Structures are given as C-alpha cells and as structure tokens.
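# Fold and geometry: a report
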Amino acid sequence: MRERKATVLNCFSPPVMIATMVTEASLAVYTIWRYAMTPITRLITLLLVCLATFQLAEYSVCTGLGGLTPENWSRLGFVAIAALPALGLHTLHVLAGKPGRRLLMVNYAMMGAFVLAFLAFPNVFDNYQCTGNYVIFHLRPRFGGIYYLYYFGWLFTAIGLAWKWLRELKEQDHKEQTKRETLKAMIAGYLVFLVPVTVANAVNPSSRAGIPSIMCGFAVLLALVLGFYILPRVGEPKALTKQAK
C-alpha cells in the first residue's frame, strides 16, 4: 500500500512572498512613472508601497535578509500594515468626493499611535515564526487584541461607508459613473482578501495565528484592482498632463 505524501500549502512560502512583493512594488513604480501625482495617485502609491514593505519584512523574517533582526523586520512590517486602514479609508473619501476630515483625523491619529508603538515600545512581539507557509507574529496579548480591533474595525467601517456612498449615487448620472465603478472596485478589493481569510480560518482555526501574513498574501489582489482597474479610471496620465500645459 502506497503512502500518500503530505500536501504542503505553499501559498505564502518565501518565494511567493518575494513574488508578491515584486508585483506590488512594480505597480507602485509604474504608478509613479505613468501618472501625475494627484491626491488619489499618491494614496494608491502609498498603499502599494505599504503592501510591498510587509511582504519584504515577511520574507526577511523567514530568510534573514539584510542586517536587521527578525524583531526589527517585524516592527517595520507592522508599521506598514498599520497604515493600511487609514490610507484605504482616505482613498475611499477621495474616490467618492467626500471630505470626512474628522473621521480621517481620528483614523490617522490612531494609526500614528500604533506606528509609534511598533517603532518605540519594547517587547511588542512575544515571538515571530516562519512556518514555511506564512509568518506567525505573536503580539503581546492585550496589545494584539487592541490592534486587531483597530485594524478590522476600520476595514469594516470603510466597507460600510463605501456601500452607503454607493447607494447615494444616482445610476442615471453619467458624471457619477466613475465614482460608482471605483467604489464597487474598492469594496471588491477589500472583500477579495477578507473573505478568503475568513474561510481559511473557519476551515483551519490554527491559521488564525498567521492572520496578518495570510491577509497580506491575498491583498495582492487588492493591489491588482488598484493598479489595473481604479488607476486607469481616476489617474491623470503624465503625457496628457504635459500636453495640457
């Protein structure tokens, strides 16, 4: 009787981490090269850079790349993803043409607090482990609970607001068509990494320890939505900007 070889899930193995990082970094470089730096292109560029930075940090924790310790790479990675909820919410405000200054100020203030914590506080991480499929970051229990409440709270707030604004836009108004298309794309972009993570955690509860790694692995789909669907609709190509001058 033949023994069956164990199936290894290589979705987020180091080679895939670096491939994902190259994809996201390339999209950021392309954005800078192709489009004028308007508020929306700056935000999308920052989102792509943050996603790529986390992938680089993950890869470095697993491979020992560079002169930084695993702890410092972990800190850098979490600084990058702590910025994602605020940048995503800001992007939605710009796409929908909503000011929302107070809400954004609160989100950015909370982001700044977590960035400071990850950069300056000692013993933020209890441990970090590369499993071969994804990286497990062990945040201190109380701090980790607060951080995940911040992270998922703002993600779901962003989806809720995008849905609300989408329903307010008139389908018959062609001037608002681009807003409708890009808001739908952003909602889809959020869901393409939230839904698979939820399913993965339901099927295999032990994967919950690797939520940041798994989410950012699927978040490359959000990067593709930003680069290939949203930017062509809202970005200002540099060639056209030069002609206008």
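Presented here is an overview of the structure given in this document.

The rules behind these values
Residues numbered from 1 in each chain as written. Predicted model: local features only at pLDDT ≥ 70, side-chain atom pairs only at ≥ 80, totals over all residues. Heavy atoms only, no water. Salt bridge = Lys/Arg side-chain N within 4 Å of Asp/Glu carboxyl O. Helix = DSSP H or I, 4+ residues; strand = E, 2+ residues; numbered from the N terminus. Buried < 20%, exposed > 50% of the residue type's maximum accessible area, 1.4 Å probe, protein only. Core = buried A, V, L, I, M, F, W, Y, C linked by side-chain atoms within 4.5 Å. Contact = heavy atoms within 4.5 Å. Axes fitted to C-alpha atoms, helices over the stretch in contact; angles between N-to-C directions. Parallel < 35°, antiparallel > 145°, perpendicular 65-115°, else oblique. Nonpolar A, V, L, I, M, F, W, Y, C, P; charged D, E, K, R; others polar. Patch = residues over 30% accessible without salt bridge, like charges linked within 9 Å, V, L, I, M, F, W, Y side chains within 5 Å. Areas by Shrake-Rupley, 256 points an atom, 1.4 Å probe, with all protein chains shown as cover. Phe/Tyr/Trp six-rings, centres within 6.5 Å; stacked < 30°, edge-to-face > 60°. Expected span 1.5 Å × (residues − 1).

### Quick notes on the pattern of salt bridges
Within this structure, the stated rule accounts for four salt bridges. For lysine 164, the salt bridge identified is with glutamate 168, shortest N-O distance 2.7 Å. Here glutamate 168 and lysine 164 lie together in helix 6 (residues 141-168), a separation of four residues that amounts to about one turn. Looking at glutamate 168, the relative accessible area reads 42%, which means it is partly exposed. A salt bridge links arginine 233 to glutamate 181; the nearest nitrogen and oxygen atoms lie 3.2 Å apart.

### Observations concerning the nonpolar core
Phe118 and Tyr147 are the most contacted members of the largest nonpolar core, which totals 60 residues. Those elements giving two or more residues to this core turn out to be helix 1 (14-34), helix 2 (39-63), helix 3 (70-82), helix 4 (84-96), helix 5 (101-120), helix 6, helix 7 (177-203) and helix 9 (220-234). Broken down by element, this core gets its largest block of residues, twelve residues, from helix 6. If near-sequence neighbours (up to four positions away) are discounted, phenylalanine 118 is found in contact with Arg75, Phe78, Val79, Ala82, Val124, Phe125, Leu139, Phe143 and Tyr147.

### Some details on the side chain of asparagine 107
As for its position among the elements, asparagine 107 is in helix 5. Beyond its immediate sequence surroundings of up to four residues, asparagine 107 is in contact with Pro85, Ala86, Leu89, Tyr150 and Trp154.

### Regarding the packing of helix 4 against helix 6
Look at helix 4 against helix 6: their axes get within 9 Å of each other, and the N-to-C directions meet at 10°. Comparing their axes, helix 6 and helix 4 come out roughly parallel. Contacts between helix 4 and helix 6 involve Leu84, Pro85, Leu89, Leu92, His93 and Ala96 on the former and, on the latter, Tyr150, Tyr151, Trp154, Ala158, Leu161, Ala162 and Trp165. A class-by-class count of the residues in the contact of helix 4 with helix 6 yields twelve nonpolar, one polar and no charged.

### Things to note about the packing of helix 2 against helix 9
Packing of helix 2 against helix 9 leaves a shortest axis separation of 11 Å and a crossing angle of 170°. With respect to helix 9, the axis of helix 2 lies roughly antiparallel. Here Ile40, Thr41, Ile44, Leu47, Leu48 and Leu51 of helix 2 come into contact with helix 9, specifically with Ala223, Leu226, Ile230, Leu231 and Val234. Residues belonging to the contact of helix 2 with helix 9 are distributed by class as follows: ten nonpolar, one polar and no charged.

### What to know about the side chain of threonine 31
Tracing the backbone shows threonine 31 in helix 1. Residue contacts for threonine 31: discarding those within four places in its chain leaves Met37, Thr41, Thr45, Leu48 and Leu231.

### Some words on a nonpolar patch on the surface
On the surface, Leu221, Leu224 and Phe228 cluster together into a nonpolar patch covering about 270 Å² of accessible area. When its relative accessible area of 32% is taken as the criterion, leucine 224 is described as partly exposed.

### Examining the packing of aromatic side chains
How two aromatic rings sit relative to each other is given by the distance of their centres and the angle of their planes. Scanning the entire structure with this criterion turns up 15 aromatic pairs. Between phenylalanine 118 and tyrosine 147, the aromatic rings sit 5.3 Å apart at their centres with planes inclined by 85°, giving edge-to-face as the arrangement. Here the residue phenylalanine 118 occupies a position in helix 5, and tyrosine 147 occupies one in helix 6, the gap between them amounting to 29 residues. The pair phenylalanine 118 / tyrosine 147 is uniform in exposure class, with both members buried.

### What to know about the environment of leucine 224
Among the secondary structure elements, leucine 224 is positioned in helix 9. Taking the C-alpha atoms as reference, leucine 224 lies 8.6 Å from glycine 189; in sequence the two are 35 residues apart. Apart from residues lying up to four places away in sequence, leucine 224 is in contact with Thr23, Leu27 and Tyr229.

### Considering helix 2
Under the 1.5 Å per step criterion, the end-to-end length of helix 2 is 36 Å for 25 residues, consistent within 8% with the ideal 36 Å. Trailing helix 2 by a residue or two, glycine 64 shows a phi angle of about 75°, which is positive.

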